[in-house]
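Structural overview for review
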Amino acid sequence: MRFLIDFFPIALFVAAYKLHDIYVATGVLMAATIVQTGIIYAVDRKLQTLHKVTLVLVLVFGALTLFLHDERFIKWKPTVLYASMAVVLAAALWVWKKNFLQVLLGSQLKLPDAVWSRLTVAWVLYFLFMAGINAWVAAYFSTEDWVNFKLWGYIFPVVFIVGQGLYIARYLKDDNA
C-alpha cells in the first residue's frame, strides 16, 4: 500500500506528460504530491522530514517550471533532493556524530551501531548515485527520455531497498524463537 502511495505522483506525472506536455505534467505532479502528503498525514498523523522536503521541492521547482515556462527546473528537482539528502546524512554522521537513520528507525529496528553506520553510508552513496544519474539524464537526454527514466528508473530504489532488507535481515532477532 505504501509503495502505491509513493508511486502514484510519478505515475500520474508520466501519464500527464504522455497525454499532454511537461507543463501539464508538472501541475499534475504538484497536485498529486499535495494529495499524497495529505494521505500520508491522514494515515500516520504526522509527516516525516523527507515528505515535507519533497513537497516543498516539488511545489517550488514546479512553480518555477510553470511560471518561467522552463522545464529544466522540474528536471533538476530530483538531483537537488537526492544531493541534499546525501549531504545531510553524511554531515550528520561524520560532522555531528549523529546517525539520522538510527534516530528515525531505531525504535522499529534493533541493529548494532556498526550496521547503522554502514546503512547510512549505503544511503549516502545511493543518494549520490541517484543525484548523479538524474543530473546526467536531465542534462544530456531529451525531456521524453527523462520522463521515461522517471518511470523506469523507479527500479533503482526498489533494488536498493530489497538489497538493504537482505543485508539487515541477518541482524534482526526473531522474537518467536
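The preceding data block contains the structure.
Notes on the structure in this doc start here. Here the structure is a predicted model, which is why all the values come from computation and not from measurement.

Where helix H4 (residues 72-94) contacts helix H6 (residues 113-140), the two axes come as close as 8 Å, and the packing angle between them is 155°. Here H4 lies roughly antiparallel to H6, going by the angle between them. Considering only the axes of H4 and H6, their crossing is left-handed. When grouped by side-chain class, the residues that make up the contact of H4 with H6 number 20 nonpolar, four polar and one charged.

Right, let's get into the packing of aromatic side chains. Summed over all chains, the structure comprises twelve aromatic pairs. On the basis of an interplanar angle of 85° and a centroid distance of 5.7 Å, the ring pair of Trp123 and Tyr126 is categorised as edge-to-face. Pair noted here: Trp123 and Tyr126 are both in helix H6, with a separation of three residues, about one helical turn. Counting every residue linked through ring pairs, the aromatic cluster contains Tyr82, Trp123, Tyr126, Phe127 and Phe160.

What follows covers the nonpolar core. One finds Phe13, Ile22, Leu119, Trp123, Phe127, Trp146 and Val147 to be the most contacted residues of the largest nonpolar core, which totals 42 residues. Every element with two or more residues in this core is listed here: helix H1 (2-19), helix H2 (22-44), helix H3 (49-68), H4, H6, helix H7 (143-152) and helix H8 (155-169).

Tracing the chain through its elements places Gln164 in helix H8. According to the relative accessible area criterion, Gln164 is buried, its value standing at 17%. Considering only alpha carbons, one finds Gln164 and Leu29, 135 residues apart in sequence, at a separation of 28 Å. With residues up to four places along the chain from it excluded, the contact list for Gln164 reads Leu119 and Trp123.

Let us now look at a nonpolar patch on the surface. A cluster of nonpolar side chains, Phe3, Leu4, Ile155, Val158, Val159, Val162 and Leu166, forms an exposed patch at the surface whose accessible area comes to about 670 Å². At the level of elements, H1 and H8 are the ones that each hand at least two residues to the nonpolar patch. Among the elements that make up the nonpolar patch, the one with the highest residue count is H8 (five residues).

For the pair H6 and H7, interaxial distance at closest approach is 8 Å and the crossing angle is 155°. Considered as vectors, H6 and H7 are oriented roughly antiparallel to each other. Together, Ile133, Asn134, Val137 and Ala138 of H6 and Asp145, Trp146, Phe149 and Lys150 of H7 make up the contact between the two elements.

To continue, consider unusual backbone geometry. Trans is the prevailing form of peptide bonds, just as negative phi is the prevailing case for residues other than glycine. Residue Arg45 is not a glycine yet carries a positive backbone phi of 60°. Although it is not a glycine, Lys97 adopts a positive phi angle of roughly 55°. Counting through the fold element by element, Lys97 comes out in the loop between H4 and helix H5 (100-105).

Positionally, Ala32 belongs in helix H2. Here Ala32 falls in the buried class, since its relative accessible area comes to 5%. Here the alpha-carbon distance between Ala32 and Phe8, two residues 24 residues apart in the chain, equals 7.5 Å. With sequence-adjacent residues up to four places away left out, Ala32 is seen in contact with Phe8, Pro9 and Leu12.

As a further point, take the side chain of Gln36. Tracing the backbone shows Gln36 in helix H2. Judged by its relative accessible area of 9%, Gln36 falls in the buried class. Once you skip the residues sitting within four places of it in the chain, Gln36 turns out to touch Ile5, Asp6, Phe8 and Pro9.

If you check which residues of H7 are buried, you get Thr143, Trp146, Val147, Phe149 and Lys150. With its buried residues spanning 155° around the axis, H7 presents them on a single face. Of the surrounding elements, those touching the buried residues of H7 are H1, H2, H4, H6 and H8.

Procedures and definitions
- Just so you know, the residues in each chain are numbered from 1, in the order the chain's sequence is written.
- Per-residue local features are limited, in this predicted model, to residues with pLDDT of at least 70; the limit for side-chain atom pairs, both in listing and counting, is 80 or more; totals at the level of whole chains, interfaces and linings are taken over all residues.
- Each side-chain value is worked out from all heavy atoms of the structure, with water and hydrogens disregarded.
- Angles here are taken between N-to-C directions and fall from 0 to 180 degrees, while the axes themselves are lines fitted to C-alpha atoms, restricted in helices to the stretch in contact.
- Each helix is a run of H or I in the DSSP string that is no shorter than four residues. Each strand is a run of E no shorter than two, and both are numbered from the N terminus.
- Note on terminology: angles under 35 degrees are roughly parallel, angles over 145 are roughly antiparallel, angles of 65 to 115 are roughly perpendicular, and the others are oblique.
- Each helix crossing is assigned a hand: it is left-handed if the near helix lies turned anticlockwise from the far helix by less than a right angle, otherwise right-handed if that turn is clockwise.
- In the scheme used here, Gly and all other residues not listed as nonpolar or charged are polar, with Ala, Val, Leu, Ile, Met, Phe, Trp, Tyr, Cys and Pro taken as nonpolar and Asp, Glu, Lys and Arg as charged.
- Each pair of aromatic rings taken from Phe, Tyr and Trp, with Trp reduced to its six-membered ring, is defined by centres within 6.5 Å and is described as stacked if the planes are under 30 degrees apart, edge-to-face if over 60, and tilted in the remaining cases.
- We call a set of buried Ala, Val, Leu, Ile, Met, Phe, Trp, Tyr and Cys residues a nonpolar core when their side-chain atoms join them within 4.5 Å.
- Summary of the burial criterion: residues with accessible area below 20% of their type's maximum are buried, those above 50% are exposed, and those between are partly exposed, where the area comes from a 1.4 Å probe applied to protein chains only.
- Contacts are residue-level and defined by heavy atoms, with any inter-residue pair within 4.5 Å sufficient.
- Patch membership is restricted to residues that have no salt bridge and whose relative accessible area is over 30%. Joining uses 9 Å for like charges and 5 Å for the nonpolar side chains Val, Leu, Ile, Met, Phe, Trp and Tyr.
- Calculation of accessible area relied on Shrake-Rupley with a 1.4 Å probe; when residues are assessed, cover is drawn exclusively from the protein chains displayed.
- Should a side-chain nitrogen of Lys or Arg be within 4 Å of a carboxyl oxygen of Asp or Glu, the pair is scored as a salt bridge.
- Each C-beta atom gives one direction from the helix axis, and the arc is the one those directions make.

Read these as geometric descriptors, not functional statements.
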